[in-house]
Amino acid sequence: MTDLTEPTEVPVKDIGTLRSRAEGSGPTTRRPITIPANRYYSPDFAALETERMWPRVWQLATTVDAVSDPGDWVEFSVGELSAVVLRDQEGTLRAFQNVCMHRGIELCKGSGTGRTELRCGFHRWCWNLDGSLNEIPSRRDFGVIDNDAYGLAPVLVDTWGPLVFINFDTDAMSLATYLGGAPADAAYLEMDDFHCRFEISVKVPSNWKTAADGFSETYHVQGLHPELLKVFADLDNHQIFWDHVGRSRQLYGVPSPRIRPTPSDQEVWEAFASVYSGRAGLDAVNPGPAPAIPDGSTLFDVMAQSVRDAQAEKGVDLSAYDNTQIMMMDQHNVFPNITVLLHPDLLSVLRTRPGDNPDECWLDIFNFDRAGANTARVKPMKMEVPLDSMAFGTVFNQDFDMLRTAQRGLHQPGFTRITLSQEESRILNNQLALERYVGISPSEIEGDLP
Ligand code: FES
Ligand SMILES: [Fe+2]
């Protein structure tokens, strides 16, 4: 049987930008890409994911900050699967299936520090942090117990910058192979320098893929975030793909050509402040008049410098990044369920996990800032909040709001397939990977792929 997890496509696909695809093309004969909608709500399809996908993919379990010191541990659960990620006494990052080898109850719940062993609370079986069996109370009563047969079941663990990934399949390809060229592509942003500040989990009334798709394309900006068009060059997102990752490079500080007439500098400045108040140290609602633009400079340069200056005041040195890099956001959508949003001074990661049924999921938001590789890591704040109390600024709030109404429509009998433009190819990339993992062959995706 073919190993469906092995890369099957060319390593990198470059689909250019919306503008580059529109230019130089005559009338198109391409058939639109469509995907069965029931993947987003069918319990049978969810069961396939549970059986064939979740146990075999690399997934974000936690952050390096949460397990920075020996004895730190974090439980990570996705659907029926659960792992404990920990740093052992020698400083090695390890992960194990979260189960006591005696009678199968979960060993750990939540997270903590200072562990020197993993001891089950039920009958006090105990393991060392390297997973080897340490102690069984009244051991003789079991007969002959082979220590090696009763070690904790290992789970693969590796990192990308401050992100800790695990894979329940110990025969899986390495994380480096899985991520393809993405880490090299993002190397200029020095992800190791980012420290996680908080992790927020929200229960959302949509399938985990519906929620992930909402963060996998920018075609929706003109619908959901129209005010963003004043500072976002949405026709110029450059998208490239590896087997498990789609990357979109998005330029801010330049109005979209969709807006006519072209907004004034004051309008661009106000839109910039409303989106990047935190980065640039501006009042989001009343940023004041656009600054004077020095000779030979542009508003774009002034905005980039305002970010550089505001960050310098916080001790974050962005002098190595040019203006375009400062105003750029790189977005990596990593199959199956994470979105990595990267600026030189800011990293946000969104993760979705299945809920109790296919119509709900958990959305986890990890926020990082650039603290420098030599700064000590502190444990991120972790909390669970209701969707109604989410307050993440205009743009994210609009995204979260959309998720309230994103699921029921998919069930309607007259709606059987979702349709994707090339601009929505990161959704397509994830769906192609999904078919490989759950074993759908021939593909049920129709149309001419880019
Ligand atoms: S179930 Fe863990 S020691 Fe018995
Ligand atoms: Fe959005």
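Numbers given for residues are sequential positions, taken from 1 along each chain in its written order. Starting at A for chains and at 1 for ligands, labels are handed out in the order in which the entities are written. Note on the predicted model: pLDDT of at least 70 is required for a residue's local features to be given, and 80 or more for side-chain atom pairs to be given and counted; whole-chain, interface and lining totals, by contrast, use all residues. Side-chain calculation: all heavy atoms of the structure are included, whereas hydrogens and water are not.

## Some words on helix H10 (residues 394-403)
A simple rule labels every residue: compare its accessible area, found with a 1.4 Å probe on the protein chains alone, to the largest value its type can have, and call it buried under 20%, exposed over 50%, or partly exposed in between. Helix and strand definitions here come from DSSP, where helices need a minimum of 4 consecutive H or I residues and strands a minimum of 2 consecutive E residues; each element is numbered from the N-terminal end. Among the residues of H10, those classed as buried are Phe396, Gln398, Asp399, Phe400 and Leu403. Note on definitions: a residue-residue contact is assigned when non-hydrogen atoms from the two residues lie within 4.5 Å. Looking at the buried residues of H10, the elements they touch are strand E13 (194-204), helix H5 (208-213), helix H6 (221-224), strand E17 (338-342), strand E18 (346-354) and strand E19 (361-370).

## Examining the packing of helix H7 (residues 265-280) against helix H8 (residues 299-313)
Orientation is described by axes fitted as lines to C-alpha atoms, over the contacting stretch for helices, and by angles from 0 to 180 degrees between their N-to-C directions. Contact geometry of H7 with H8 gives a least axis separation of 11 Å together with a crossing angle of 20°. Taken together, the axis directions place H7 and H8 in an arrangement best described as roughly parallel. Two packed elements cross with a definite hand, and for H7 against H8 that hand is right-handed. Mapping the contact onto sequence places Asp265, Val268, Trp269, Phe272, Gly278, Arg279 and Ala280 in H7 and Leu299, Met303, Ser306, Val307, Ala310 and Gln311 in H8. In terms of residue class, the contact of H7 with H8 is built from 8 nonpolar, 3 polar and 2 charged. For classification purposes, an angle smaller than 35 degrees is called roughly parallel, one larger than 145 roughly antiparallel, one from 65 to 115 roughly perpendicular, and anything else oblique. Should the near helix be turned anticlockwise from the far one by less than a right angle, the crossing is termed left-handed; should it be turned clockwise, right-handed. For this classification, the nonpolar set comprises Ala, Val, Leu, Ile, Met, Phe, Trp, Tyr, Cys and Pro, the charged set comprises Asp, Glu, Lys and Arg, and every other residue, Gly included, is treated as polar.

## Considering the sheet that holds E18
Backbone-to-backbone hydrogen bonds pair the strands of a sheet. The strands run either parallel or antiparallel. The 9 strands lie next to each other as E1-E14-E15-E16-E17-E18-E19-E13-E20, forming an open sheet whose pairing is mixed. Both edges of this open sheet fall to strand E1 (13-16) and strand E20 (381-384), since each of them pairs with a single strand only. The sheet shows a mean angle of 15° between the axes of neighbouring strands, direction not considered. Strand pairing is assigned whenever DSSP detects at least two bridges linking the two strands. Of the strand pairs in this sheet, E17 and E18 are connected by 5 bridges, and their pairing is antiparallel. Paired with Leu342 across the strands is Leu347, a residue of E18.

## Focus: the sheet that holds strand E8 (residues 117-119)
Spatially, E8-E9-E10 is the arrangement adopted by the 3 strands of the open sheet, whose pairing is antiparallel. Taken across any chain shown, the strands that pair with only one partner, and hence form the sheet edges, are E8 and strand E10 (133-135). Here the strands of the sheet are splayed against their neighbours by 35° on average, with no regard to which way each runs. Where strand E9 (residues 126-128) lies against E10, 2 bridges are found, and the strand directions are antiparallel. Bridge assignment links Cys126 to a residue of E10, and that residue is Glu135.

## Focus: the coordination of the iron ion (ligand 2)
The donor set covers N, O and S atoms within 2.8 Å of the metal, switching to 3.2 Å for Na, K and Ca, and it leaves out water, so a site may look short of donors. For the iron ion (ligand 2), the protein coordination sphere consists of His220 (NE2), His225 (NE2), Asp399 (OD) and Asp399 (OD), at 1.9 to 2.6 Å. Each donor residue of the iron ion (ligand 2) lies on the same chain, and together they follow the pattern H-x4-H-x173-D. No difference in accessibility class separates His220 from His225, as the two residues are buried.

## A few points about the packing of aromatic side chains
Pairs were defined over the aromatic rings of Phe, Tyr and Trp, the Trp ring being its six-membered one, requiring ring centres within 6.5 Å. Orientation was assigned from the angle between planes: stacked under 30 degrees, edge-to-face over 60, tilted for the rest. For the structure shown, the criterion picks out 13 aromatic pairs. Measuring from ring centre to ring centre gives 6.1 Å for Trp125 and Trp127, while their planes differ by 40°; the resulting arrangement is tilted. Residue class for Trp125 comes out buried when judged on its relative accessible area of 3%. For Trp127, a relative accessible area of 0% translates into the label buried. In this structure an aromatic cluster arises from ring pairing among Phe232, Tyr252, Trp269, Phe272 and Tyr276. Cation over ring: Arg279 sits above Tyr276, and NZ or CZ is 4.8 Å from the ring centre. Two conditions define a charge sitting above a ring: the NZ of Lys or the CZ of Arg must be within 6 Å of the ring centre, and it must be within 35 degrees of the ring normal.

## Concerning the domain arrangement of the protein
Annotation comment: domain bounds sourced from an automatic or database domain assignment. Along its sequence, the protein is carved into domain 1 (1-55 + 182-450) and domain 2 (59-171). Relative to domain 2, the C-alpha centre of domain 1 lies at a distance of 33 Å. Each partner contributes to the interface: domain 1 provides 28 residues, whereas domain 2 provides 27 residues. In short, buried area is how much 1.4 Å probe accessible area vanishes from two parts on joining, totalled over both. Both faces considered, domain 1 and domain 2 share a buried interface measuring about 2,100 Å² in area, 68% of it formed by carbon and sulfur atoms.

## Some remarks on the layout of surface pockets
Each pocket or cavity is described by its volume, and for the largest pocket that value is around 940 Å³. Think of a 1 Å grid over just the protein atoms. A cavity is a set of points where a 1.4 Å probe fits yet cannot get out, a pocket is an open set with protein on both sides within 12 Å along at least five of seven lines, and lining residues have an atom within 4 Å of a point. Taken together, 43 residues line the largest pocket, and the ones lying closest to its centre are Val275, Tyr276, Leu346, Ser348 and Phe396. A total of 6 residues in the lining of the largest pocket trace back to one element, the largest contributor, which is H7. Of the residues belonging to the lining of the largest pocket, the class tally is 19 nonpolar, 16 polar and 8 charged. Grid points are joined across faces, edges and corners, and a volume is the space filled by probe spheres set on the points.

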